[in-house]
Every structure is written in C-alpha cells, then in structure tokens.
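Results of the structural survey
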Amino acid sequence: MATLTTDGLTKSFGGLRAVQDVSFVARPGRILSIIGPNGAGKTTVFNLLTGFIAPDTGSVRLGDMNLAKLSPEDRCRAGLARTFQVVQPFRGLSVLDNVVMGAMLRTSSIAEAREAAASVLDELGMSRLKDMRAGSLPIGDRKRLEMAKVLATRPSVLLLDEVMGGLIPIEVQRMISFIHGLRDRGLAVVVIEHHMSAVMRLSDEVLVLQNGQPIAHGSPQEIGRDPKVLSAYLGPNFQVDGGH
Ligand SMILES: Nc1ncnc2c1ncn2[C@@H]1O[C@H](COP(=O)(O)OP(=O)(O)OP(=O)(O)O)[C@@H](O)[C@H]1O
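Keep in mind that this is a model prediction, so the values were computed, not measured. Along each chain, residue indices are assigned from 1 in the same order as the chain's sequence is written. Confidence filtering applies because this is a predicted model: local features only for residues at pLDDT of at least 70, side-chain atom pairs given and counted only at 80 or more, and all residues used for totals across whole chains, interfaces and linings. Side-chain figures throughout are based on the complete set of non-hydrogen atoms in the structure, without hydrogens or water.

1. Structural notes on the overall build of the protein chain
- Each helix is a run of DSSP H or I of at least 4 residues and each strand a run of E of at least 2, with the numbering of both proceeding from the N terminus. Of the regular secondary structure elements, the protein chain holds 9 helices and 10 strands.
- Values of the radius of gyration come from C-alpha atoms, whereas the globule rule sets the reference at 2.2 Å times the count of residues to the power 0.38. Here the protein chain has a C-alpha radius of gyration of 18 Å; the compact-globule value for 244 residues is 18 Å, and the two agree.
- In terms of its C-alpha atoms, the protein chain occupies a principal-axis envelope of roughly 50 × 40 × 35 Å.
- Summary of the burial criterion: residues with accessible area below 20% of their type's maximum are buried, those above 50% are exposed, and those between are partly exposed, where the area comes from a 1.4 Å probe applied to protein chains only. Taking all 244 residues of the protein chain together, 53% fall into the buried category.
- Relative to all contacts within the protein chain whose residues are 6 or more apart in sequence, the contacts with residues 24 or more apart total 66%.
- Method for areas: the Shrake-Rupley scheme with a 1.4 Å probe, in which residue coverage is limited to the protein chains shown. About 10,900 Å² of surface is accessible on the protein chain, with carbon and sulfur atoms providing 50% of the total.
- His residues and chain termini do not enter the charge count, which takes Lys and Arg as positive and Asp and Glu as negative. Where a charge sits is defined by one atom per residue type, namely NZ (Lys), CZ (Arg), CG (Asp) or CD (Glu). Each charge sign in the protein chain was given a centre, from 27 positive and 24 negative side chains, and these centres are 3 Å apart. Throughout, a residue-residue contact means that at least one pair of heavy atoms, one from each residue, lies within 4.5 Å.

Here you go:
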C-alpha cells in the first residue's frame, strides 16, 4: 500500500486560479475528504492527481515515485485509480463485462479477469446483477458498478468523486460501511463529496477548498465547528453530529 503526497499543486485556466497551493498526504488506512462550494477546485485536484491535466507548479508522488511524467493509465497501473462524478458504464455490456474491463489492467487472461471481476461484484453485493445490461441499472447500482470497475484495477490509492450522489439513505449507509472496509484493508481513500452527513461519518480528515485554496484541514469535528468553513460552505446552522 502506498502514500499519495501532493505538494503545492497549482493550476490556472486562463486568468482563473482553479487550484492554488494545495498540499496533502493521503495515507494507507485513512479516508481524506475534500469539500467546498461548487467551483472550489475539487475536481481539478482529482484531474491533477490522475494526470488528466498537468499542474502549472507542484508535484504528485505515489510512495517515492514522482508521477509527473506518467499518463492516467500508467498512474492507474501504479495503483492510483478514480471514479467519475458522472458515471459512464459501457451501457451495452453486462455488469460483469464492465468490471472485467477494469480487471484486464492486471491480467491478459480473460478467465482470470472474469474471476477477479466476479469476486469484486460479490464483495459489493452485486453478484445477482452480473448479467444485467449496465445501461439498465438505476443510479444507485450504477454508482456501485463504477466502484466495482475501479476496484477491479486493484488500486492502493482510491479517488472517489461523489459516489453518494443520487443514493437513498440506506444506500449511503451501505456505501459508507463499504468504504470503511476498504480503508480497514489498508487502502488510502480520497473522497470528493457534497453529502455532508456522509462526509462527517466517513472521513478521518477533511480538507476544505474555497476558490481553489485550502482554507481548513482537520478532523470532521474540527471542520464542522470552524467559523471559516461555516461561513464559506456549511452555513451557520450546520450541526456537527447530524450534518445536513
Ligand atoms: N478545463 C477547464 N477550463 C476552464 N476552466 C475550468 C476547467 N476546469 C475547471 N474549470 C474552472 O475551474 C474552477 C474549479 O472547477 P472544479 O470543477 O475543479 O470545481 P469543483 O469544486 O469540482 O466544483 P463542483 O463541486 O461544482 O464539481 C471553476 O471555476 C471551473 O469553471
């Protein structure tokens, strides 16, 4: 398992500083959530981590490997994998075959990939859906499928982009328990999430961005009481225990 370290990440689009001097460490066995208002720079941070865009300055390291020159696919091969906010399965393929596509990163044997994919679906409680067409799944199952595809690549660092969006409360609770299980297996997990009560229950630490800049970093309880965060994002009536 590896530690993901960012140092001074900065990215502008034209005159807009989308991300400015963002540094954090995502450690094995920990869940770090990145929160902040729309446009705060969260997705841009994920794009910088995964190599979809290059930073103006700053570095990303996985263990002691500098990722600067690696493509998104090579970063995934190195163990850094992400889900997308808008989930896009191969709609015409079965659920199982979608997950096989992820598993093929680690093996050239279709039989082995199918076995690995079936085992990930089992872990996620999705085995009974394996022959369904991915395009026919409701949003909650599509989010779990996205997670399954990514887990089949066997990451050591997992980046989750709004995996709670569109889920009903019982599915949110199940997803939280599942992510806790991944953390307990030693994965480093970084989460972008707007669902605040989920963030409070899920996270070991929270980084808050506003206009691309870090404004706070601490435990969920510290963040939920921080006047800067209440004013920038959570609102004055936020309850640390219940979220909203
Ligand atoms: N490729 C791009 N070209 C130009 N501007 C961009 C690009 N990507 C993002 N931006 C801008 O950078 C800023 C940060 O956007 P980003 O999507 O990272 O925010 P976010 O915190 O993920 O927002 P949300 O919560 O709405 O997903 C926004 O002002 C956005 O319009």
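2. A short note on the domain arrangement of the protein chain
- For the domain bounds, the source is a domain assignment made automatically or taken from a database. Each assigned domain of the protein chain is listed with its residue range as follows: domain 1 (1-79 + 156-244) and domain 2 (90-154).
- A C-alpha centroid distance of 25 Å is found between domain 1 and domain 2.
- Counting from both sides, the interface comprises 19 residues of domain 1 and, opposite them, 13 residues of domain 2.
- Values labelled buried area give the accessible surface lost by two parts on being combined, using a 1.4 Å probe and summing over both. When domain 1 packs against domain 2, close to 1,200 Å² is buried across both sides, 66% of that on carbon and sulfur atoms.
- A pairing counts as a salt bridge when a side-chain nitrogen of Lys or Arg comes within 4 Å of a carboxyl oxygen of Asp or Glu. Remark: the boundary between domain 1 and domain 2 carries 1 salt bridge.
- The residue R185 makes a salt bridge to E123 at a minimum N-O spacing of 2.6 Å.
- We call two N or O atoms a polar contact when they sit within 3.5 Å, provided that within protein one can donate a hydrogen and the other can accept it, with sequence-adjacent residues counted only if both atoms are side-chain atoms. Our count for the contact surface shared by domain 1 and domain 2 stands at 4 residue pairs in polar contact (both at pLDDT 80 or more).
- Sorting the residues of the side of domain 1 that touches domain 2 by element identifies α2 (72-78), β7 (157-161) and α6 (169-184) as the ones contributing at least two each.
- Ranked by residues supplied to the side of domain 1 that touches domain 2, first place goes to α6 with 5 residues.
- The residue classification treats Ala, Val, Leu, Ile, Met, Phe, Trp, Tyr, Cys and Pro as nonpolar and Asp, Glu, Lys and Arg as charged. All others, Gly included, are polar. Considering only residue class, the side of domain 1 that touches domain 2 consists of 10 nonpolar, 4 polar and 5 charged.

3. What about the side chain of D141?
- Within the element layout of this structure, D141 appears in helix α5 (residues 139-151).
- Apart from the residues lying within four places of it in its own chain, the contact partners of D141 are M126 and L129.

4. Digging into the pattern of salt bridges
- With the rule as written, the count across this model stands at 13 salt bridges.
- One salt bridge in this structure joins K11 and D56, with 3.8 Å as the shortest N-O distance. Taken together, the residues K11 in strand β1 (residues 4-13) and D56 in the loop between α1 (42-50) and β4 (57-62) connect sequence positions 45 residues apart.
- In this structure, the salt-bridge partner of D131 is K130, at a minimum N-O distance of 3.5 Å.
- Given the relative accessible area of 33%, K130 is considered partly exposed.
- When salt bridges with common partners are traced through the structure, they connect E73, D74 and R77 into a single cluster.

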